[in-house]
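Summary of the model geometry
The residues making up each chain are set out below.
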Amino acid sequence: MERNPSPEKSNSFSRNGHNNDDVFSPRHNLETVDEKSDGQQSVGNEENEIVEDTTSDPDLSLPQILDEVDRFLETLTNAEDKSNPPSEVPNSVELLSEIVESRIVKYIDASKTWGAKFGRDPEDVTSFIEAVNRISKLSNEFGEFPSNSALSSSLNRTSSVLQQAMSFLDEELRLQLEESKSNNNVVDQRSQKTWKQSSFNYSNVEYDRCILPDPESNKEEEFPGFSQETISNVKMIASAMINAGYENECCMVYSILRRTAFKAALSKLGYEYISIDDVHRMQWESLEGEIALWINVVKQCYTTFLSAEKKLCDSIFTDYPSLSQSLFSNIARGVVLQLLNFAEAVVLTKRSAEKLFKFLDMYETLHDLIPAIDDSYTGDCAQELISEASDAKTQLGEAAVSIFCDLENSIKCDHGRTPVPSGTVHPLTRYVMNYLKYACEYKDTLEQVFQQHLMIEKIKDEHVVDPDGNLSDDGTPKTSPFSIQLMTIMNLLDANLDMKSKLYRDLALRYIFLMNNGRYIVQKIKGSTEIHELMGDTWCRRRSSGLRHYHKNYQRETWSKVLQCLSHEGLVTSSSSSNSKVSKPVLKERFKNFNAMFDEIHKTQSTWVVSDEQLQSELRVSISAVMIPAYRSFLGRFKQHLDPGRQTEKYIKYQPEDIETLIEEFFDGNPTSMARRRT
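All values derive from a computational prediction rather than experimental measurement.

What follows is about the packing of aromatic side chains. Enumeration according to the criterion identifies 25 aromatic pairs in this entry. Ring plane angle 40° and centroid distance 5.5 Å describe the contact between phenylalanine 450 and phenylalanine 482, whose orientation is recorded as tilted. Placement of phenylalanine 450 in helix 14 (residues 443–460) and of phenylalanine 482 in helix 15 (residues 481–501) is noted, with a sequence separation of 32 residues between them. Judged by relative accessible area, which is 0%, phenylalanine 482 ranks as buried. Taken together, the aromatic side chains of Tyr554, Trp559, Phe594, Phe598, Tyr631, Tyr654, Phe666 and Phe667 make up a single cluster linked through ring pairs.

Structure below.
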């Protein structure tokens, strides 16, 4: 370490080995000076030798020496003619130099021999730093006079001592900054983190947002983890180095060690730097875990690390606010940019539907990071980082819009020609509705990204065409861009389901299929406050009305012909109540047809599936409400016209109670009849 203004500096040295357990504070060496350090040569054997002030008492206490030095410094400072230096230097200057040299040797020897730690005694540190500060001032003042003056030898002496002191303080600054207790307190969360992976496909649709340790679990005092004593020591050391002209050396040591500490803290959380190429080579399952970890690390940074680091910097460099801000900005800037680089690398990976939710998680994380940057930084650094974070957030938002809009293509491209068995809910319906349900948990965020996307598109083309009339005069949307997109997807799903319903040859089963899927959609929307708010009550009422329409069509297709068998028309040959006759052959045929048709319907529709219990119950109740009264009335009026015995048993197969029981078996997906189902 060199300081350019100082001539003839001795070689710097560093301390070897240290231990923090013992305390060494030989304060008597700072109270009085009994002897000179070994090997110390007397000052002043040159031609222009300065006569030492023999009136100085060699047993002066340190405060007395400092007072005498201060008076001498005042004399040097007030000297109007720098070419005419004082004729003598007080002996207190040499005594002070000896004290500083002796103290440095004592500290180093104590550290090597007993593991004693510098700075455990605040008064000891303060007195030593005060002595070093005087040496620094003396060296500076001596340097103001001509090099061939009588003070040149004193300049060489104080500069040499100052160099030794700076070398010692440089090493002490390193040691003090390396003693953060947070090195052992930050929990390694890579081994603790857990997350549930999203998996969207037609057979298995599930998603859970990542489960991570609470960022508040690591309290601020655990980072950076310095005691007040250490902060006080570092502050005094830093001030002494800066005042002595060693600002660059002080800042270099501080920056390097704090960057290392910051990196270690992130490493304890499980975060390691991943290159863009590594990100692109990762399988999604692995990258998903890294994203969850990244989110946790970023949250730790803006809730704990950045504020704690700034507080530490301000505490140490209290007297140098601009330097404090510069140091903090340079330390944190590298960390923030590295985190943003990861986000930008993730955006460039191949897009797929399951990535939407992690992209939105990252978007929300950066959305919260930007205000933290604004609060922590000032000037050009703040503007640069805010701009970088905003760009990364915008890229994530655009990627999220692109992925969400790809859901349209997924629906349009689903051209399956095989109907799902039993008219149950189609996998596409489950996929789309579950995807929308989980997507709408990010409703506010998706509103932001779609709003942002609309404005970006408008900026790209100032003459943007708005055929749907969704933009107001000032360019803002009249309705939510996200809700419009949601409506588009729902309309596409409806059209696709209507197309798939036509794959069923049985019209009744076609309407069961439409009811199943329609009811599933309605229940999903009603079960999600976010989707319901976006779709609105009018849409839900229209959807419910459509379900009632499917229900009526089902009843007409299934039961109208059955009810014709129970009609009285064509059975009575005369309209006169006294002469009316019932045609037994027609009556027998009616009973026979009813039995055959009901058997076939029961055999078929007991294999159909209505998974929604309420819809299943509504269908059964509506069938019973139509069939049971009609059958009971028909049976009560015409049963007597059949001959008792074998004829009655042959044609009257069911009692009304039997019909009711069999209706309760409809839509259960009876496995014994599955092989005979018809579509």
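Turning to the nonpolar core, a few remarks are in order. Counting 190 residues, the largest nonpolar core has Phe317 and Tyr554 as its most contacted members. For this core, the leading source of residues is helix 9 (residues 284–316), giving 16 residues.

Taking 1.5 Å per residue, 21 residues should reach 30 Å; helix 4 (residues 122–142) reaches 30 Å between its end C-alpha atoms and fits that length. Burial analysis of helix 4 places 15 of its 21 residues in the buried class, which makes it a mostly covered element. Between a side-chain oxygen at the N-terminus of helix 4 and the backbone nitrogen of glutamate 123 the separation is 3.1 Å; the capping residue is aspartate 121.

Opposite charge on two side chains permits pairing when their charged atoms draw close. On inspection of all chains with the given rule, the structure shows 21 salt bridges. For the salt bridge of lysine 412 with glutamate 408, the shortest nitrogen-to-oxygen distance reads 4.0 Å. Separated by four residues within a single helix, lysine 412 and glutamate 408 lie in helix 12 (residues 379–412), roughly one turn from each other. A salt bridge links arginine 556 to glutamate 557; its shortest N-O distance comes to 3.9 Å. Its relative accessible area of 33% is what places glutamate 557 among the partly exposed residues.

Secondary-structure assignment places serine 159 in helix 5 (residues 152–177). The class for serine 159 is buried, based on a relative accessible area of 1%. Taking the C-alpha atoms as reference, serine 159 lies 9.4 Å from phenylalanine 142; in sequence the two are 17 residues apart. One polar contact links serine 159 to serine 139, side chain to side chain, over a distance of 3.1 Å.

Here we take up the environment of cysteine 301. By the element assignment, cysteine 301 lies in helix 9. Accessibility expressed as a relative area gives 4% for cysteine 301, which makes it buried. Along the chain, cysteine 301 and alanine 372 lie 71 residues apart, while their C-alpha atoms are 9.2 Å from each other. Residues within four places of cysteine 301 in sequence aside, it is in contact with Phe262, Leu266, Leu306, Ser307, Val335 and Leu339.

Okay, the side chain of histidine 426 next. If you trace the backbone, histidine 426 turns up in the loop between helix 12 and helix 13 (427–439). Those residues in contact with histidine 426 that sit more than four places away from it in its chain are Asp414, Val420, Leu497, Lys500, Phe513 and Asn517.

About the criteria used
Residues numbered from 1 in each chain as written. Predicted model: local features only at pLDDT ≥ 70, side-chain atom pairs only at ≥ 80, totals over all residues. Heavy atoms only, no water. Phe/Tyr/Trp six-rings, centres within 6.5 Å; stacked < 30°, edge-to-face > 60°. Helix = DSSP H or I, 4+ residues; strand = E, 2+ residues; numbered from the N terminus. Buried < 20%, exposed > 50% of the residue type's maximum accessible area, 1.4 Å probe, protein only. Core = buried A, V, L, I, M, F, W, Y, C linked by side-chain atoms within 4.5 Å. Expected span 1.5 Å × (residues − 1). Polar contact = N/O pair within 3.5 Å; in protein donor to acceptor, adjacent residues only side chain to side chain. Salt bridge = Lys/Arg side-chain N within 4 Å of Asp/Glu carboxyl O. Contact = heavy atoms within 4.5 Å.

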